[in-house]
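One letter stands for each residue in the lines below.
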Amino acid sequence: MTTTLSLEAEVAALIVEALHLEVAPGEIDPEAPLFGEGLGLDSIDALEIALAVSKRYGFQLRSDDERNHRIFRSLRALAAHIETNRTG
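Residue indices follow the written sequence of each chain, beginning from 1 at its first position. Local features in a predicted model are, by the rule used here, given only for residues with pLDDT of at least 70; side-chain atom pairs are given and counted only at 80 or more, and totals for whole chains, interfaces and linings are based on all residues. Values shown for side chains rest on all heavy atoms present in the structure; no hydrogens or waters enter the calculation.

## Concerning the overall build of the protein
Part 1: Only DSSP runs of H or I with at least four residues qualify as helices, and only runs of E with at least two residues qualify as strands; both kinds are numbered from the N terminus onward. Of regular secondary structure, the protein possesses four helices and zero strands.
Part 2: Start at the N end of the protein and walk to the C end: the helices and strands fall as α-α-α-α.
Part 3: Of all 88 residues assigned to the protein, the portion counted as buried reaches 39%.
Part 4: Computed with the Shrake-Rupley method and a 1.4 Å probe, the accessible areas treat only the protein chains shown as cover for residues. Looking at the protein as shown, the accessible area adds up to about 5300 Å², and 52% of this sits on carbon and sulfur atoms. Burial classification: accessible surface area is computed with a 1.4 Å probe over protein chains only, and a residue below 20% of its type maximum counts as buried, one above 50% as exposed, and the rest as partly exposed.

Have a look at this one:
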């Protein structure tokens, strides 16, 4: 089983790869906001992340989920959501 810390690193790498970011995965602060003043991502980036998560971890992140503001709050929050919901 993947530990939360290594899952955070894996998800950071997934975000960098999916969005073609010019930042190393290890440079993403797990507690920093993914959107706005953090990584500065936008709604299109959220869709790209959701697609990448779906392909890699086998479950859907839905755009109409009222929890999205919590799920996408930070790398740590996203990794915790993946840990709880992944099928593989």
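## What about the packing of aromatic side chains?
Part 1: A pair of Phe, Tyr and Trp rings is counted when the ring centres sit within 6.5 Å of each other, with Trp represented by its six-membered ring. The angle between the planes then sorts it: under 30 degrees is stacked, over 60 is edge-to-face, the rest tilted. Under the criterion given, the structure shown has one aromatic pair.
Part 2: Look at phenylalanine 35 and phenylalanine 72: their rings are 6.1 Å apart centre to centre, the planes differ by 75°, and that puts the pair in the edge-to-face class. Linking phenylalanine 35 in the loop between helix H1 (4–19) and helix H2 (43–57) with phenylalanine 72 in the loop between helix H3 (68–71) and helix H4 (75–85), this pair joins segments that are 37 residues apart in sequence.

## Structural notes on unusual backbone geometry
Part 1: For histidine 20, which is not glycine, the phi torsion reads 55° and is therefore positive.
Part 2: For histidine 20, the position within the fold is in the loop between H1 and H2.

## Topic: the environment of arginine 86
Part 1: Tracing the backbone through its elements, the reader meets arginine 86 in the segment after H4.
Part 2: Residue classification places arginine 86 among the buried residues on the basis of a relative accessible area of 18%.
Part 3: Considered as a pair, arginine 86 and alanine 9 are 77 residues apart in the sequence and their alpha carbons are 16 Å apart.
Part 4: Side-chain polar atoms of arginine 86 contact the side chain of glutamate 83, separated by 3.3 Å. Pairs of N or O atoms are called polar contacts if they sit within 3.5 Å, as long as, within protein, a hydrogen donor faces a hydrogen acceptor (for residues adjacent in sequence, only side-chain-to-side-chain pairs).

## Focus on the nonpolar core
Nonpolar side chains in soluble globular proteins tend to be buried together.
Part 1: By nonpolar core we mean a set of buried residues, namely Ala, Val, Leu, Ile, Met, Phe, Trp, Tyr and Cys, connected to one another through side-chain atoms within 4.5 Å. Val11 and Leu78 are the most contacted members of the largest nonpolar core, which totals 24 residues.
Part 2: Among the elements of the structure, H1, H2 and H4 are those that each provide at least two residues to this core.
Part 3: For this core, the element with the highest residue contribution is H1, accounting for eight residues.
Part 4: Working rule for contacts: check all heavy atoms of both residues, and any pair within 4.5 Å makes them a contact. If near-sequence neighbours (up to four positions away) are discounted, valine 11 is found in contact with Tyr57, Leu75, Leu78, Ala79 and Ile82.

## Let's talk about H2
Part 1: An ideal rise of 1.5 Å per residue puts 21 Å on 15 residues; H2 measures up with 21 Å between its terminal C-alpha atoms.
Part 2: Taking the backbone nitrogen of isoleucine 44 as reference, a side-chain oxygen 3.0 Å away marks aspartate 42 as the first, capping residue of H2.
Part 3: Trailing H2 by a residue or two, glycine 58 shows a phi angle of about 80°, which is positive. Take the residue count of a helix, subtract one, and multiply by 1.5 Å to get its expected span.

## Details of the side chain of glutamate 8
Part 1: Structurally, glutamate 8 can be placed in helix H1.
Part 2: For glutamate 8, a relative accessible area of 5% corresponds to the buried category.
Part 3: For glutamate 8, the residues in contact, after removing those within four places along its chain, are Pro30, Leu75, Arg76 and Ala79.

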